[in-house]
Amino acid sequence: MPLSRLNKEQLQAATAPLGHNLVIASAGTGKTSTIVGRIAYLLEEGIKPEEILLLTFTNKAAQEMKERVAGVLPSARNIEAGTFHAVSYRWLKKLNKNIVLKQPKDLKILFRSIYDKRDFLRLRGEEKPYSANYLFDLYSLFLNSNVSDFGEWLTERAPLQEEYILVYESIFDEYEEIKRAHGLVDFNSLLIRMIEELKNGIEVPFKEVLVDEYQDTNPLQNELIENIKQTSLFCVGDYDQSIYAFNGADISIISTFDKRYADANVFTLKKNYRSYGEILEIANKVIANNPRIYPKSLEVTRGFSGEWPKVLYYNDTFEEYRDVANRILNSLTPRDEIAVLFRNNSSADAIEAMLREKGIECRRKGGVSFFDSREIKITLDLLTFMVNPKDIMAFIHIFEHAKGVGSAIANEIFEALMTLGDGDPKKGFLNPDLSKKVFNKKKTSYQLGLFDDFTQLGSVSKFKSVGMDEVFLANPILKHPKLSVEGGEFLYNFYKLIKRVNKLKNPMSVYNEIIESKTFKHIISNIAKERAKDKNGKIVEERYHEALEKIENKVKVLGNLLKNYSDLEKFLNAMVLGANEMSEGRGVNLLTVHASKGLEFKEVYLVDLMEKRFPNIKLSKPAGGIEEERRLFYVAVTRAKDRLFLCLAKNDRIRNMSYEPSRFLSEAGYKVAEK
């Protein structure tokens, strides 16, 4: 039974009475076992599985916890579990809400197409305006902060940007308007919509809500938790591992738990089952320099190995990375049990190169995953448009592959198709209402950066040489003034693909039609050409055929996944919700400290422990400053089970910079001397 395996501290927490319970679970203290034990306890006490909600930061974690309890109590498979976003999505679908879930990186393209319609050159003030990408990320951070007034929020953070506030807000308004019109939701919108439903009084059956990684919740997620009218709340986290302030996580949520809930019980798990005593001693020494929110320290259960973590000091970062690679080459530890951790991704390229040079396999978490590759993304976009032709993002992604058609023009063509098809772009292709006018003059607003750009419509005569049929030549979308012949031909081939797919019902038939189409072959050929260029920009024929074959093989993998689904929409939803958690590769793990959280390895190399690199005050200042950096160091050190190496260098020849040793080394009790 899950409860019988718990130690005294874990058992006390897992069997706490219903109410407001917080469990401070330090690194390696059996957090997951405690949550599993709690679920088992609730079920044994007669609470129905449907009355339990488990909120986690990955769907994989939720599934693993459910399965562990279900091994003993099969009914555990019926509890509601998943990320904040996955649970909200399922509930909104149950409420028959018309929503289409999109990854933030996809919606960023829509955002950019709206941003690009503003002429910032005419508005340029004392400081440059933010780029589209930065403004998109800033908007997400603003939403996560759960503050109501963007103007006040931005003025406090960046006073010199105040002159652009009206323009920024107009971009946000148009972006939200388009999302609403097409039922598009990103992860932030999911939570906002779910909170609205909860505030409007929808019934939820939950008696207890369990929250994993509670220290990483942001104000928006916390509002969701507080709006679920539950009898009991059971939160598990560790303030010393709160390292996502840059992403909106608010450490005050965990630190004020016992002040916000009058009946709060706070439990502390201290026994570490992961690391040897020498490693824990370093972690404890450094983190003790941060304010203690709740009293705790890690207790050793594995004993001491007799080997203190070594400090390796080099003259140059290249020497550092080369020696790390040599040590790994000669190590007896299995490759997948070794990790190289770094504060900044910029360290990873040289480390990876050194490892590969020595024939050491490695994998970088956070690199281009299967689902982030362009060929998989475009295949999913084509499938998505066939299921839901109102999906503006899928359309924009597809038509960015047409020559001369950027996101702004694609957006305008899509809106024209919506008009011609009475709200259905597919109908706008196949049976347009020719009485409707498209590409009308746009509003001009100097204040908001909007200026008229449709001065005259284009001619369709240039497209007759492409061999289009008369029906399609009559479609007004060909009159877009900036549409090139190549862009028009791409539109025509896409129109023919829609005609063929429109008669099909079986998901695999739709998939096969797409990958055999001229549209798809044109797109993957261009991707292969880009990957086949040499350093002078010339396409190497042999490389081109190799790249094309790899692309086709990768797309076949997606087809094999699709074979397990009879409903294309369910397949696409599963791909969107699960893509971030799927990764490929094997060998030595190359990870940022952020990406290493929740993982453990027998042997860890923590590199670039120099001031300005780690800690990196410049990166952390907008978030949690030196305290956040110290928590990052604590997380990094406590990933190591058996062996830990602390690496640094005096110089970086690429950046032409010299460095002082990280203050964390002296806080850990080391007097650093050159190797």
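Only a predicted model underlies this, so the values are computations on that prediction, with no experimental measurement involved.

Each value, and the rule that gives it
Residues numbered from 1 in each chain as written. Predicted model: local features only at pLDDT ≥ 70, side-chain atom pairs only at ≥ 80, totals over all residues. Heavy atoms only, no water. Helix = DSSP H or I, 4+ residues; strand = E, 2+ residues; numbered from the N terminus. Rg over C-alpha atoms; globule rule 2.2 N^0.38 Å. Contact = heavy atoms within 4.5 Å. Areas by Shrake-Rupley, 256 points an atom, 1.4 Å probe, with all protein chains shown as cover. Lys, Arg positive; Asp, Glu negative; His and termini not counted. Charge placed at Lys NZ, Arg CZ, Asp CG, Glu CD. Axes fitted to C-alpha atoms, helices over the stretch in contact; angles between N-to-C directions. Parallel < 35°, antiparallel > 145°, perpendicular 65-115°, else oblique. Nonpolar A, V, L, I, M, F, W, Y, C, P; charged D, E, K, R; others polar. Pairing = 2+ DSSP bridges. Domains from an automatic or database assignment. Buried area = accessible area lost by both parts, 1.4 Å probe. UniProt positions renumbered as here; feature names shortened; annotations may be inferred. Polar contact = N/O pair within 3.5 Å; in protein donor to acceptor, adjacent residues only side chain to side chain. Core = buried A, V, L, I, M, F, W, Y, C linked by side-chain atoms within 4.5 Å. Buried < 20%, exposed > 50% of the residue type's maximum accessible area, 1.4 Å probe, protein only. Arc of directions from axis to C-beta. Left-handed = near helix turned anticlockwise from the far one by under 90°.

On to the overall build of the protein, then. Counting secondary structure elements, the protein contains 29 helices and 17 strands. For the protein, the C-alpha radius of gyration of 28 Å lies close to 26 Å, the compact-globule estimate for 675 residues. Its C-alpha atoms put the protein at 80 × 60 × 55 Å along the principal axes. A separation of at least 24 residues holds for 75% of the contacts in the protein among residues at least 6 apart in sequence. When the accessible area of the protein is evaluated, it comes to approximately 30100 Å², of which 49% is carbon and sulfur surface. Across the protein, the centroid of the 99 positively charged side chains sits 3 Å from that of the 94 negatively charged ones.

Time to look at the packing of helix α5 (residues 104-115) against helix α18 (residues 407-420). The geometry of a pair of packed helices is captured by two quantities: the angle between their axes and the separation between those axes. The geometry of α5 relative to α18 is characterised by a closest axis approach of 8 Å and an angle of 95° between their N-to-C directions. Viewed along their axes, α5 and α18 adopt a mutual orientation that is roughly perpendicular. Residues I109, L110, S113 and I114 of α5 pack against S407, A408 and N411 of α18. The class makeup of the residues in the contact of α5 with α18 is 4 nonpolar, 3 polar and no charged.

If you trace the 6 strands from one edge of the open sheet to the other, you get β3-β2-β6-β7-β1-β8, paired in parallel fashion. Looking along the sheet, the strands with just one partner apiece sit at the ends: β3 (80-83) and β8 (265-269). Strand-to-strand twist in this sheet, taken as the mean axis angle between neighbours without regard to direction, amounts to 15°. Pairing of strand β2 (residues 52-56) with β3, which is carried by 4 bridges, proceeds in the parallel orientation. Bridge pairing links L53 to E80 in β3. Strands β1 (20-25), β2, β6 (208-211), β7 (232-237) and β8 of the sheet are contacted by helix α2 (residues 31-44), whose axis makes an angle of about 170° with β6. Contacting β2 and β3, helix α3 (residues 59-70) runs over the sheet at an angle of about 140° to β2.

A word on the environment of E470. For E470, the location among the structural elements is in helix α20 (residues 470-473). With 277 residues separating them in the primary sequence, E470 and R193 have C-alpha atoms 45 Å apart.

What follows concerns the domain arrangement of the protein. Along its sequence, the protein is organised into domain 1 (3-97 + 189-269), domain 2 (100-182), domain 3 (300-368 + 583-668) and domain 4 (374-444 + 453-574). Between the C-alpha centres of domain 1 and domain 3 the distance comes to 32 Å. On the side of domain 3, 12 residues touch domain 1, which itself brings 15 residues to the contact. In total, domain 1 and domain 3 occlude about 1100 Å² of area from one another, counting both sides; carbon and sulfur atoms represent 59% of this. Per-residue buried area on domain 1 facing domain 3 is highest for D240, Q241 and I243; these three make up 45% of the total on that side.

For the rest of this paragraph, the subject is the UniProt feature "binding site: ATP" (unreviewed entry) in the protein. Under the UniProt annotation, "binding site: ATP" (unreviewed entry) lies at A25, S26, A27, G28, T29, G30, K31 and T32. Note that T29 resides in the loop between β1 and α2. In contact with T29, other than residues within four places in its own chain, are Q10, L269, K270, K271, N272, Y273 and L298. Here the side chain of T29 touches S26 through a polar contact of 2.5 Å, landing on its backbone oxygen.

Ranked by size, the top nonpolar core spans 94 residues in total, and within it L110, F399, F429 and F494 carry the most contacts. Domain assignment of the residues forming this core places at least three in each of domain 2 (100-182) and domain 4 (374-444 + 453-574). Beyond its immediate stretch of four places on either side in the chain, F429 contacts F395, F399, L417, F472, N475, I477, L491, F494, Y495 and I498.

Those residues of helix α15 (residues 348-357) not exposed but buried are A348, I351, E352, M354 and L355. With its buried residues spanning 160° around the axis, α15 presents them on a single face. Tucked into the core, α15 has its buried residues touching α14 (317-330), β12 (338-342), β13 (362-364) and β14 (588-592). Within two residues after α15, G359 carries a phi angle of roughly 75°, on the positive side.

So, on to the packing of helix α16 (residues 374-387) against helix α21 (residues 485-501). Their axes nearest at 11 Å, the elements α16 and α21 cross at an angle of 60°. With respect to α21, the axis of α16 lies oblique. As α16 packs across α21, the resulting crossing turns out to be right-handed. Every residue of α21 that contacts α16 at L382, F385 and M386 is listed here: F494, L497, I498 and V501. Taken together, the residues that form the contact of α16 with α21 break down as 7 nonpolar, no polar and no charged.

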